[in-house]
Amino acid sequence: MRALLTSFGLRILSALCVLCAAIAIPTDARSYVRTRTKASCLPLRWAQTCIFLQPDAELARDDMAADAVTAAIQGAIQSWNDRLDPSSFLRLYYLAPSESREVSQTDRLGSIKFRFDRWCRPAKDANSSPICFDPAATAVTTVTFLNKPTEPDLDGQIVDTDIDLNAVGFRFVDGTQTLPSGEKRPVVDLWNVLTHELGHVQGLDHTCNLDFGSQPACMTDDKGDPVPSCTELDTMRRTSQSAETAFEAAMYPTSVAGDYSRRTPTSDDLAGVIVSHPASSDPQSCKIPTVVSGCHAVSQGETLRGSTHVWALLGMLCLPILFLARQRRKTSRHPKPFCFRDTL
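Residues numbered from 1 in each chain as written. Predicted model: local features only at pLDDT ≥ 70, side-chain atom pairs only at ≥ 80, totals over all residues. Heavy atoms only, no water.

Colleague: Looking at this structure, I do not really get the nonpolar core. What am I missing?
Modeller: In summary, soluble globular proteins display a tendency toward joint burial of nonpolar side chains. By size, the foremost hydrophobic cluster in this structure holds 40 residues, and its most contacted members are Val 69, Trp 80, Phe 114, Leu 165, Phe 172, Leu 190 and Leu 198. For this core, the element with the most residues is helix H2 (residues 66-84), which contributes seven residues. When residues no more than four places from it in sequence are discounted, the contact partners of Val 69 are Leu 59, Ala 60, Met 64, Phe 114 and Leu 190. Core analysis: the next-biggest nonpolar cluster, separate from the first, contains eight residues, Leu 210, Cys 230, Phe 247 and Tyr 252 among them. (Core = buried A, V, L, I, M, F, W, Y, C linked by side-chain atoms within 4.5 Å. Buried < 20%, exposed > 50% of the residue type's maximum accessible area, 1.4 Å probe, protein only. Helix = DSSP H or I, 4+ residues; strand = E, 2+ residues; numbered from the N terminus. Contact = heavy atoms within 4.5 Å.)

Spelled out as structure tokens, the structure:
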């Protein structure tokens, strides 16, 4: 699982030549980390071109207008798609909400669901218990993948992702607008949160370790170096440009309340997706999940193989209310920091 943490608020194609300059030499990127399987430590990746994402019909209730929620979701999707094209084959597709349903780790649909009354997934049946999340987490992204160490072609293949958003403990907003006053819940920019979570959906991990939960012993950055703690990374920023780059990435796990500066993935974030999904390896496989009513398959896709070996990787982006004694170069109307966190 990948998770994003916040403590008081969460965490181009400007011109084609700019995009090319940013990603033409991915070896310059030093701040991306890919999520790996625990057994074989292979990076997770998709074996299909399309990732379909659909918000639950209930959206964000009274916290945000429905059109503002839709705009944030579509904006986060477009911020990745515009910058990955043409270097990566992976594409995120938005499906309009049609009904309210529970998330499923086997339906191949990337559900986006706000939790309002309880920060838990309900019990599946009378013999199971609810799955409750860390109350400090602003969002939780569940990544389901095949765990087949003896079959390298299948091992680490992502088959499903879902995003849960914690509207119980946090108020989702448009950070570019005046932030609500008198709100008891910490406020977080929805677009900012979703850009980070969609990085997890595409197989990315945090650029530093929040010392929260366990990581595979082989978890490294793209250069093979151990992933530093966020405390170490903050210290290294004073003398290391690569550390500063890791701090500025969308996959950095801390931010400040109302911050919207990480709505756009950086060249390093993009490089982490491109290296696992280069355009030259496009499987040209797109299939709209059968659970989606009123849609048809774009092209014939593969059936789910090895389903009994599917493991769920819950990436938890937690936003603990931490008063970190760190100096941030970025400013906000609310100076208290919050964290995004990923745990396997």
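Resuming the write-up.
Colleague: What is the right way to look at the pattern of salt bridges in this model?
Modeller: As a working rule, side chains carrying opposite charge can pair if their charged atoms are close by. Across all of its chains, the model carries 17 salt bridges by this definition. Arg 61 is the salt-bridge partner of Asp 117, the closest N and O atoms lying 3.4 Å from each other. On the criterion of sequence distance, the pair formed by Asp 117 in the loop between strand S6 (110-115) and strand S7 (120-121) and Arg 61 in the loop between strand S4 (50-55) and H2 is long-range, its members being 56 residues apart. We classify Asp 117 as exposed; its relative accessible area is 64%. In this structure Arg 61 comes out as partly exposed when scored by relative accessible area, which is 40%. Here Asp 85 ties to Arg 91 by a salt bridge, and the two come within 2.8 Å at their closest N and O atoms. Given a relative accessible area of 34%, Asp 85 falls into the partly exposed group. (Salt bridge = Lys/Arg side-chain N within 4 Å of Asp/Glu carboxyl O.)

Colleague: What am I meant to see in helix H5 (residues 241-248) here?
Modeller: Taken together, the buried positions of H5 are occupied by Ala 243, Glu 244, Thr 245, Ala 246 and Phe 247. On the buried face of H5, the contacting elements are helix H4 (230-236) and helix H6 (267-276).

Colleague: What should I look at first to understand the environment of Asp 107 in this one?
Modeller: Relative to the helices and strands, Asp 107 resides in the loop between strand S5 (91-94) and S6. The contacts of Asp 107, once residues within four sequence positions are left out, are Asp 160, Pro 289 and Val 291. Only 3.0 Å separates the side chain of Asp 107 from the backbone nitrogen of Leu 109, close enough to count as a polar contact. (Polar contact = N/O pair within 3.5 Å; in protein donor to acceptor, adjacent residues only side chain to side chain.)

Colleague: Explain the environment of Cys 286 to me, please; I cannot follow it from the model alone.
Modeller: Structurally, the position occupied by Cys 286 is in the loop between H6 and strand S15 (310-318). Accessibility expressed as a relative area gives 8% for Cys 286, which makes it buried. Between the C-alpha atom of Cys 286 and that of Thr 49, which follows or precedes it by 237 residues, the distance is 5.8 Å.

Colleague: Got a minute to help me understand unusual backbone geometry in this structure?
Modeller: Negative phi is the rule for most residues except glycine; trans is the rule for most peptide bonds. Cis peptide bonds are those with omega within 30 degrees of zero, and the linkage from Asp 85 to Pro 86 qualifies with 10 degrees. If you trace the backbone, Pro 86 turns up in the loop between H2 and S5. One non-glycine residue, Arg 108, adopts positive backbone phi at about 65 degrees. Structurally, Arg 108 can be placed in the loop between S5 and S6. The phi dihedral of Gln 284 falls on the positive side, at around 50 degrees, and the residue is not glycine. Mapped onto the elements of the fold, Gln 284 is located in the loop between H6 and S15. The class for Gln 284 is exposed, based on a relative accessible area of 63%.

Colleague: Hey, could you run me through the state of the cysteines in this one?
Modeller: Linking two cysteines covalently through their sulfur atoms gives a disulfide. Going through the model one piece at a time under the given rule, you end up with three disulfides. Each sulfur of the disulfide joining Cys 50 and Cys 286 lies 1.4 Å from the other. Taking the sign of the S-S torsion, 55 degrees for the link of Cys 50 and Cys 286, the bridge is right-handed. Placement of Cys 50 in strand S4 and of Cys 286 in the loop between H6 and S15 is noted, with a sequence separation of 236 residues between them. Side by side, Cys 50 and Cys 286 carry an identical accessibility label, which is buried. (Disulfide = S-S within 2.5 Å.)

Colleague: I would appreciate a short explanation of the pairing of S4 in the present structure.
Modeller: Moving residue by residue along a regular strand, the side chains alternate between the two faces of the sheet. For S4, a buried count of six out of six residues is recorded, marking the element as mostly surrounded by other parts of the structure. A two-sided burial pattern is seen for S4, the buried positions comprising Cys 50, Phe 52 and Gln 54 on one face and Ile 51, Leu 53 and Pro 55 on the other. Strand direction decides the pairing type here: S4 and S5, joined by four bridges, are parallel. Bridge assignment links Leu 53 to a residue of S5, and that residue is Tyr 94. Between the parallel elements S4 and S5, the chain passes through H2 in a crossover that is right-handed. (Pairing = 2+ DSSP bridges. Right-handed = clockwise from strand over helix to strand, strands pointing away.)

Colleague: How should the packing of aromatic side chains be read in this particular structure?
Modeller: Note on aromatic pairs: each is described by the distance of the centres and the angle between the planes. For the structure shown, the criterion picks out five aromatic pairs. Grouped by ring-pair contacts, the aromatic residues Phe 114, Phe 116 and Phe 172 constitute a single cluster. Positioned over the ring face of Phe 247 is Arg 237, at 3.7 Å from the centre of the ring. Geometry around Phe 247 places Arg 262 over its ring, the cationic atom sitting 4.9 Å from the centre. (Phe/Tyr/Trp six-rings, centres within 6.5 Å; stacked < 30°, edge-to-face > 60°. Lys NZ or Arg CZ within 6 Å of the ring centre and 35° of its normal.)

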